[in-house]
Amino acid sequence: MDALHPRLLVDDFPGAFRFYRALLGEVAGATLARGGENGPYASWDLDGQTLLALYGRAAMAADLGAPVSEGQRSRDATVLVLRVPAAEGALEAAVESCGRYGGALVTAVRERPEWGPTLRAAHLRDPDGNLVELQSY
């Protein structure tokens, strides 16, 4: 498993996009890899690797099948995105392992062709309630 990138969940996507486009582009030298100001997703790469991604909080809530509430806003500011090998059963095994160590399943493993042609993902919460996304592609 390797860490892909942090993903910030934002309410004001256009404002956050403009801020990070300037910060990451002008200060860090990153380039916009995907998305645009209208969202709900954008990411910037540096040296061929994703440096940071933005995702609209309402879109993430819809993906999780959960309403966006005041409590969720304060809790879900980021998502740690981890890549799991694409081997058969590896993603399911990673989810099971997280559960053995206190992780709570939010969404089961499912196909996400809208995110990538072979992408599969699951969402969990760590024992402190932080959101984690496991991806395989």
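Bear in mind that the values here come from a model prediction, so they are computed numbers and not experimental data.

Basis of the calculations
Residues numbered from 1 in each chain as written. Predicted model: local features only at pLDDT ≥ 70, side-chain atom pairs only at ≥ 80, totals over all residues. Heavy atoms only, no water. 1 Å grid on protein atoms, 1.4 Å probe; cavity = no way out; pocket = protein on both sides within 12 Å on 5 of 7 lines; lining within 4 Å. Points joined across faces, edges and corners; volume = space filled by probe spheres on them. Helix = DSSP H or I, 4+ residues; strand = E, 2+ residues; numbered from the N terminus. Nonpolar A, V, L, I, M, F, W, Y, C, P; charged D, E, K, R; others polar. Pairing = 2+ DSSP bridges. Contact = heavy atoms within 4.5 Å. Core = buried A, V, L, I, M, F, W, Y, C linked by side-chain atoms within 4.5 Å. Buried < 20%, exposed > 50% of the residue type's maximum accessible area, 1.4 Å probe, protein only. Arc of directions from axis to C-beta.

## A word on the layout of surface pockets
There is about 570 Å³ of room inside the largest pocket. Put simply, the parts of the chain that give the lining of the largest pocket at least two residues each are strand E1 (2-10), strand E3 (41-46) and strand E4 (49-56). When residues in the lining of the largest pocket are grouped by element, the largest group, 5 residues, is from E1. Residues belonging to the lining of the largest pocket are distributed by class as follows: 8 nonpolar, 8 polar and 6 charged.

## Description of the pairing of E3
Bridge count between strand E2 (residues 31-35) and E3: 4 bridges; the pairing is antiparallel. When the sheet's bridge partners are listed, Thr31 is paired in E3 with Asp45. The antiparallel hairpin formed by E2 and E3 contains 5 residues in its connecting segment, where Gly39 sits at a positive phi of about 60°. Where E3 folds back on E4, the antiparallel hairpin that results is connected by 2 residues, among which Asp47 adopts a positive phi of roughly 55°.

## Quick notes on the environment of Tyr20
Within the fold, Tyr20 resides in helix H1 (residues 13-27). Setting aside anything within four residues of it in sequence, one finds Tyr20 in contact with Leu8, Gly25, Trp44, Leu52 and Leu54.

## Description of the nonpolar core
The tendency in soluble globular proteins is for nonpolar side chains to be buried as a group. In terms of nonpolar packing, the biggest core is built from 12 residues, these being Leu8, Val10, Phe13, Ala16, Phe17, Tyr20, Leu24, Ala30, Ala42, Trp44, Leu52 and Leu54. Counting residues per element, the ones that place at least two in this core are E1, H1, E3 and E4. A total of 5 residues in this core trace back to one element, the largest contributor, which is H1. In contact with Ala30, other than residues within four places in its own chain, are Leu24, Gly25, Trp44, Asp45, Leu46 and Leu51. In terms of nonpolar packing, the next biggest core, distinct from the first, is built from 9 residues, Val84, Ala94, Val95 and Ala122 among them.

## Considerations on helix H4 (residues 90-100)
Turn by turn, an α-helix covers 3.6 residues, leaving residues three or four places apart pointing in a common direction. Listed as buried for H4 are Leu91, Ala94 and Val95. Summarising the axial view, the buried residues of H4 lie within an arc of 100°, below the 170-degree limit, and thus occupy one face. In this structure, H4 carries Glu96 and Arg100 as exposed residues pointing more than 90 degrees from its buried face. Contact partners of the buried residues in H4: strand E6 (104-111), strand E7 (120-125) and strand E8 (131-136).

Distances and angles like these do not, on their own, reveal function.
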